[in-house]
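# Results of the structural survey
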Amino acid sequence: MNIIIEKNGFDVFLSNYIQSDYLELYKIANEEDILKSMNRDSFSIDDAIKFIIYARDMLEREKEFHLAIRNKENKLVGAIGLVINNDRSAEIGLWIGKEYRRRGYAHEAIELMLCFAFNKLNVNKVYALIDKENIASISLFEKEHFIKEEKDDKFVFYIENNKDNCNINIDF
């Protein structure tokens, strides 16, 4: 199954991974802060290949949506995922490669994924679990109007369906 989620005027779009993404995925996933957010010490080329296979399999099953964040030049700049729960809530997570940060890519990727979740997948609530030390992600989700709650060593950010008129293009 192939998927493309885009919006006119945006600098990024979301799509399924292709096998040739493994080197860029490997490179970005091995950035220190991204490894830390994944609770990993390393991410091998084999891990990248297995992840792409897993992501494509979950997409076929429509249970988890792990998508590539691509810029206008079709270059992989990050990753975003949405895992749907039985109660129609979903957990979102993302990361952007260091050389692509501070360009609004994360904001656009979140907006695209929220529109997809609420309008195409009938999700009623999306949440993110963020470590309290991850200042950049905390700031991002606050700017996206997620509601913040404290839970143990993390913050839980959530937003309910508020994306009725997204005006996005979905090829799914």
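Residues numbered from 1 in each chain as written. Predicted model: local features only at pLDDT ≥ 70, side-chain atom pairs only at ≥ 80, totals over all residues. Heavy atoms only, no water.

A contiguous nonpolar surface patch, about 240 Å² in accessible area, is contributed by Leu23, Tyr26 and Ile45. Mapped onto the secondary structure, Tyr26 falls in helix 1 (residues 22–29). Take Tyr26: its relative accessible area is 31%, and that puts it in the partly exposed class. (Patch = residues over 30% accessible without salt bridge, like charges linked within 9 Å, V, L, I, M, F, W, Y side chains within 5 Å. Areas by Shrake-Rupley, 256 points an atom, 1.4 Å probe, with all protein chains shown as cover. Salt bridge = Lys/Arg side-chain N within 4 Å of Asp/Glu carboxyl O. Helix = DSSP H or I, 4+ residues; strand = E, 2+ residues; numbered from the N terminus. Buried < 20%, exposed > 50% of the residue type's maximum accessible area, 1.4 Å probe, protein only.)

Inspection of the entire model under this criterion finds 14 salt bridges. In this structure, the salt-bridge partner of Arg101 is Glu31, at a minimum N-O distance of 3.5 Å. Here Arg101, found in the loop between strand 5 (89–96) and helix 4 (105–119), pairs with Glu31, found in the loop between helix 1 and helix 2 (32–37); they are 70 residues apart in sequence, far enough to count as distant. Given the relative accessible area of 15%, Glu31 is considered buried.

One open sheet accounts for nine strands, arranged 7-8-6-5-4-3-2-1-9; its pairing is mixed. What marks the edges here is a single partner per strand, and that holds for strand 7 (147–151) and strand 9 (169–171). In this sheet, neighbouring strand axes are inclined to one another by 25° on average, regardless of whether the strands run parallel or antiparallel. Where strand 4 (residues 76–84) and strand 5 come together, seven bridges link them in antiparallel fashion. Note that in strand 5 the partner of Leu82 across the bridge is Ile92. Running at roughly 155° to strand 6 (residues 125–131), helix 5 (residues 135–143) makes contact with strand 5, strand 6, strand 7 and strand 8 (154–160) of the sheet. (Pairing = 2+ DSSP bridges. Axes fitted to C-alpha atoms, helices over the stretch in contact; angles between N-to-C directions. Contact = heavy atoms within 4.5 Å.)

This part is about unusual backbone geometry. The residue Asn122 is not glycine, and still its phi comes out positive at about 55°. For Asn122, the position within the fold is in the loop between helix 4 and strand 6. A positive phi angle is found at His145, which is not glycine, with a value near 70°.

With 43 residues, the main nonpolar core has Leu14, Ile69, Ile80, Leu82, Leu94, Val126 and Phe141 as its most contacted residues. Every element with two or more residues in this core is listed here: strand 2 (12–15), strand 3 (64–71), strand 4, strand 5, helix 4, strand 6, helix 5 and strand 8. Looking at which element gives the most residues to this core, the answer is helix 4, with 11 residues. If near-sequence neighbours (up to four positions away) are discounted, Ile80 is found in contact with Leu14, Phe65, His66, Leu67, Ile69, Ile92, Gly93, Leu94, Ala109, Ile110 and Met113. Among the nonpolar cores identified, the runner-up in size contains 14 residues, and Leu25, Ile28, Ala29 and Ala68 belong to it. (Core = buried A, V, L, I, M, F, W, Y, C linked by side-chain atoms within 4.5 Å.)

A few words on the packing of helix 1 against helix 3 (residues 45–61). Closest axis-to-axis distance for the helix 1/helix 3 pair is 9 Å, and the angle between their directions is 115°. When the axes of helix 1 and helix 3 are compared, the crossing they make is right-handed. Where helix 1 approaches helix 3, its residues Tyr22, Leu23, Leu25 and Tyr26 are matched on the opposing element by Ile45, Ala48, Ile49, Phe51 and Ile52. Grouping the amino acids of the contact of helix 1 with helix 3 by side-chain chemistry returns nine nonpolar, no polar and no charged. (Left-handed = near helix turned anticlockwise from the far one by under 90°. Nonpolar A, V, L, I, M, F, W, Y, C, P; charged D, E, K, R; others polar.)

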